[in-house]
Amino acid sequence: MEPLTVEPVTTCLSPSVHDMICKLGFEGRDDCDISSIVAQHGEVCWRKITGYVSYHSDQSLDYRGTVKMLGPVCAAVHSHLLTLTEVQFEVGYTPWLQWTNFPELFAEIFDDLKSLQSPAISLGLMKLTSCLERALGDVFLLVGKECPFLLRDLLASKELAQVFGQSVMNVLKVFLGSPRGLNLRNILWHGFVSPQEIPPKYCSMMVLLTAGLGQLLENYLQQTKLTFTHRSAVTLTNFEDLIVFPVGWCDCAGTRLFCRCNLRDAFGIRRSDDKVHFHIRNHVTLLGNCSDHVQGTQILAKHLNDGKINQLPLFLGEPAMEFLWDFLNHQEGPRIRDRLSHGEINLRDFPKEVTNQLLAFSLVLLLRFVDEDLLLVLQVKAEIKLLIGLTEGYVSRCHPVSQLKKQVLRCEESIGAWPLLLGPEEPVQEPRLVDNSETNACHSLITKIMCELHQHVPESPHTLSKAGKLPAERWPQVLGRLCSTPIPTLFCPRAVLEVVAVLRRISAQCQQVSSQVILSLELRHRKWVERTLRSRQRQNYLRMLSSVRLLSPMLSLILLLITLELVNVHVVGGKPACESQQYLKFLKWILQYTENLVAYTSCEKNKWHETVSLTYTALSKIWTFSEKKQMLTQLAKKSTNI
C-alpha cells in the first residue's frame, strides 16, 4: 500500500522520525490476511501479531524492522475496521474495551476513522493513548504498588509483562513506548507531528490492540480471581483564579480566524475536551515552529538543551509565557497537558470554563501567524482587542510567588478575626496569674522591629502610633498594597525559589496557628459564658487570652516581614554565597519558631503560657538579625541609596 497523498505540510519531525512515521511502515509489500489477525468473533490473534516483532542478535527490539513488518498488518486492520458498520463494531469490540473505563471513546474514534478527516483521527489517537496509559496503570496496580509516572517505564515494567506477556508489551513499546519506535503518544502530545502526517492505519491498529489487551486481561482475571478496579480521576477544581477571558468572546470574528488558520475541524469538534486536546497540541506545534523545533519541556524553559537562550519568550512576551506556565507547568496549576496526556482527567466532566480560556489564548497566539490583511481586519474588532489586552496584561496566578501572596492575605484575614471572637465578657474577675514582665518585653521588641520594618514600606500613607502600632483596620491595606507590587516570576533563579519556598512554609504555619487560635477561642469562650469550665480550665483560658493578645501582633509582624522580603526577593541573587546561607538559616529559624507555635497552640498541647518565652526568644533573634542590616528589604533600600 502506498502512503496516502496529503496536502504538503511543514514538518516539525526530524528526518529520521519523519521516515519512521510516514515511510517505513509502507515499505512492506506483502498483503496481510485479516483473518489471521482477527478471528470471526473479534478475538485478536496475538501470537500472529507478536510474530512480526523483529529482534537483534542480542535479543533487543529491532524497532525499525518491526515497524516495517507490521506496516501491512496495520493496513489490513484499518481496511477491516472501515468495512464494519457501527453495530458490527459495537458488538465485536465494545465488550473488550470496557477495561479502559471509557469504551464510548472508541466509538467516537471509529466514527473519526470513517470520516477520513486527519485532524479528527489524530485527535482520536491522542485521546486513545492517554486513556490506554491510565488503564494500563490500573492494571499495573493489580500486582504492583506504585505506578510509574512515565508511559515508557510503565510499558517496561515486569508487572505488566506478568499480566499481558513480554511479547505483547514489546508490540506496545514499538507503537508507544520508545523514541526509537513510532512513539505515537509523545509525537502527538508534544506537538511534533501535524495531523496529516499520522497514517490513519496506526490509529486503527491501536484500537485493535486495545481490544486485544482487554481479552488478555479478562483471561488473566479469570485465572487469578483478582478484582480489577479503576483509580479515581483527577477533577479540576479551584481554577476560578485562572479565568481571564470572558465567556462570550467566541463570536464570528474568532470563528473566522480559526477557519483561516486551517483549524475549522478542530473548532467544530463535538466536545469541550476535544477542543482542549487539539488546541494544547496546536499550542505546542505553533510554538515549536517558531523556536527551532524545541522539544518537550524545553518549550517553556529559559535555555535549550544546547545551552542557547530560548527565543520563544522574546517572540511571545512574558505575559503569554506566564499564561502557558500557569496552565501547563506550575505544580500548583491545573497542568492540563500533563494530566490529559497521562489520562488522569475525567474527560466527561472537563470544565468548559477552562476550555474557553485555552481557546481564547489559542486565538491570540494565532494572530502572530495570520497574514497582514486578516490581522488588520481582526485587530479593530472590540472582542479581539479585549482578548489581546487581557493576554498582554496577564500576571501569573500559579507561580510560588503568587501563591505566597494569596497565603499572606488569607492569613491576615484570619488573624483579623481574632478580636471578634473574644466577646464583650472579659473574665477580669479572675486574679492575675503570671508576671507580665516577659510579655511586656515582647511587646517592646515588637514595637522596635515594627518601626524598623515600617521604614521600608514604600510610599506608606500610614504612620505608626507612638506605641509602634498600626491600627488593625489599616493592616489589610498595607499588606494588600505590598502584595499587589509586581514581582518578576518568569524563570526565577533557584536562590529566589529557595527563599520563596521557606517563606511559604512560614506563612502556612502562621495560618495553622491562626486556625487553632480561632477554634480554641470559640470553644473556650462559649464554655466560659456557659460557666462549664472547671477551675484549671478557667486558669488555662486566662493564659490563652494573654497569649493571644501577644500572638496577634507577633504574627502580624511576621506577615509584614514575609511580604517585605518577598517584594525584594530578587535581591538575594546579589548576596555572596555565605551570606545567602546565613540568610536562609535566619528564615529557617523563624520557620522553626512558627512550627513550635503550632505545636504549643494545638488542642493536644495547650501550652499557652510557654508561647510567651518562645516568642521572646524569636523576637530577640529577629532584632539581632535586623541590626546586621542583612534582610533583603534592608539591602534593597541600601542599594537604591548608593
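Residues numbered from 1 in each chain as written. Predicted model: local features only at pLDDT ≥ 70, side-chain atom pairs only at ≥ 80, totals over all residues. Heavy atoms only, no water.

Trainee: For this particular structure, what's the right way to read the overall build of the protein chain?
Mentor: Across its full length, the protein chain carries 29 helices and zero strands. Among the 642 residues that make up the protein chain, the fraction classed as buried is 54%. Taking the contacts inside the protein chain whose residues are at least 6 apart along the sequence as the reference set, 75% of them involve residues at least 24 apart. Total accessible area on the protein chain stands at roughly 29,800 Å², and carbon and sulfur atoms take up 52% of it. (Helix = DSSP H or I, 4+ residues; strand = E, 2+ residues; numbered from the N terminus. Buried < 20%, exposed > 50% of the residue type's maximum accessible area, 1.4 Å probe, protein only. Contact = heavy atoms within 4.5 Å. Areas by Shrake-Rupley, 256 points an atom, 1.4 Å probe, with all protein chains shown as cover.)

Trainee: I tried to follow the packing of helix H26 (residues 535-567) against helix H28 (residues 610-627) on my own but got confused; where do I start?
Mentor: Angle between the axes and distance between the axes are the two parameters that describe a pair of packed helices. The geometry of H26 relative to H28 is characterised by a closest axis approach of 11 Å and an angle of 30° between their N-to-C directions. Taken together, the axes of H26 and H28 lie roughly parallel to each other. The two elements H26 and H28 meet at a crossing, and its hand is left-handed. Contacts from Ser 547, Leu 550, Leu 551, Met 554, Leu 557 and Leu 561 in H26 reach Thr 611, Val 612, Thr 615, Ala 618, Leu 619 and Ile 622 in H28. Each residue belonging to the contact of H26 with H28 can be placed in one class, and the counts come to nine nonpolar, three polar and no charged. (Axes fitted to C-alpha atoms, helices over the stretch in contact; angles between N-to-C directions. Parallel < 35°, antiparallel > 145°, perpendicular 65-115°, else oblique. Left-handed = near helix turned anticlockwise from the far one by under 90°. Nonpolar A, V, L, I, M, F, W, Y, C, P; charged D, E, K, R; others polar.)

Trainee: It is not clear to me how the packing of aromatic side chains should be interpreted in this structure. Could you clarify?
Mentor: Aromatic ring pairs are reported here in terms of the distance separating the ring centres and the angle at which the planes meet. In the structure shown here, the tally under the stated rule is eleven aromatic pairs. An aromatic cluster is defined as three or more aromatic residues linked by ring pairs; in this entry it consists of Phe 245, Phe 323, Phe 327, Phe 361 and Tyr 394. Taking NZ or CZ as reference, Lys 201 lies 3.8 Å from the ring centre of Phe 26, over its face. The ring of Phe 315 has Arg 368 lying over it, and the distance from NZ or CZ to the ring centre is 5.8 Å. (Phe/Tyr/Trp six-rings, centres within 6.5 Å; stacked < 30°, edge-to-face > 60°. Lys NZ or Arg CZ within 6 Å of the ring centre and 35° of its normal.)

Trainee: Is there a simple way to explain a positive patch on the surface in this structure?
Mentor: Where like charges cluster on the molecular surface, the positive patch consists of Arg 526, Lys 527, Arg 534 and Arg 536. You can see Arg 534 is positioned in the loop between helix H25 (494-530) and H26. (Patch = residues over 30% accessible without salt bridge, like charges linked within 9 Å, V, L, I, M, F, W, Y side chains within 5 Å. Salt bridge = Lys/Arg side-chain N within 4 Å of Asp/Glu carboxyl O. Lys, Arg positive; Asp, Glu negative; His and termini not counted. Charge placed at Lys NZ, Arg CZ, Asp CG, Glu CD.)

Trainee: Would you mind going over the environment of Gly 28 with me for this structure?
Mentor: Along the chain, the position of Gly 28 falls in the loop between helix H1 (15-22) and helix H2 (46-50). With 39 residues separating them along the chain, Gly 28 and Val 67 place their C-alpha atoms 9.3 Å apart. Leaving out residues up to four positions away in the same chain, Gly 28 has contacts with Lys 68 and Pro 72.

Trainee: Would you take a moment to explain H1 for this structure?
Mentor: An α-helical segment advances 3.6 residues per turn. Residues three or four places apart therefore align on the same side. Residues Asp 19, Met 20, Ile 21 and Cys 22 constitute the buried set of H1. On its buried side, H1 packs onto helix H3 (63-83), helix H10 (184-189) and helix H11 (200-224).

Trainee: Please clarify how unusual backbone geometry should be interpreted in this entry.
Mentor: As a rule of thumb, non-glycine residues mostly have phi less than zero, and peptide bonds are mostly trans rather than cis. A positive phi is found at Asn 183, a non-glycine position, where the angle reads about 55°. Secondary-structure assignment places Asn 183 in the loop between helix H9 (166-177) and H10. Here the phi dihedral of Lys 225 falls at roughly 65°; this positive angle occurs in a residue that is not glycine. Positionally, Lys 225 belongs in the loop between H11 and helix H12 (252-260).

Trainee: Sorry if this is basic, but what is going on with the environment of Leu 378 here?
Mentor: You can see Leu 378 is positioned in helix H19 (residues 372-379). Residues Leu 378 and Leu 367 lie eleven residues apart in sequence; the distance between their C-alpha atoms is 8.7 Å.

Trainee: How should helix H24 (residues 475-483) be read in this particular structure?
Mentor: Listed as buried for H24 are Trp 475, Val 478, Leu 479, Leu 482 and Cys 483. Down the axis of H24, the smallest arc covering the buried residues is 125°, so these residues share one side. If you follow the buried residues of H24, they end up packed against helix H21 (400-416), helix H23 (437-454) and H26. (Arc of directions from axis to C-beta.)

Trainee: Quick question: what am I supposed to make of the side chain of His 330 here?
Mentor: Note that His 330 resides in the loop between helix H16 (318-329) and helix H17 (336-341). Excluding anything up to four places from it in sequence, His 330 contacts Trp 325, Arg 335, Ser 396, Cys 398, His 399 and Pro 400.

Trainee: Explanation requested: the side chain of Arg 335 in the structure shown.
Mentor: Turning to its location among the elements, Arg 335 is positioned in the loop between H16 and H17. Among all residues touching Arg 335, those that are not within four sequence positions of it are Phe 327, Leu 328, Asn 329 and His 330.

Trainee: Can you walk me through the pattern of salt bridges in this structure?
Mentor: Close approach of charged atoms allows side chains with opposite charge to pair. Tallying each qualifying case throughout the model produces 15 salt bridges. Measuring nitrogen to oxygen at the nearest pair gives 3.0 Å for the salt bridge that ties Arg 64 to Asp 19. Taken together, the residues span a long stretch of sequence, with Arg 64 in helix H3 and Asp 19 in helix H1 at a distance of 45 residues. According to the relative accessible area criterion, Arg 64 is partly exposed, its value standing at 40%. Put simply, Arg 339 and Glu 344 hold a salt bridge, and the shortest N to O gap is 3.9 Å.

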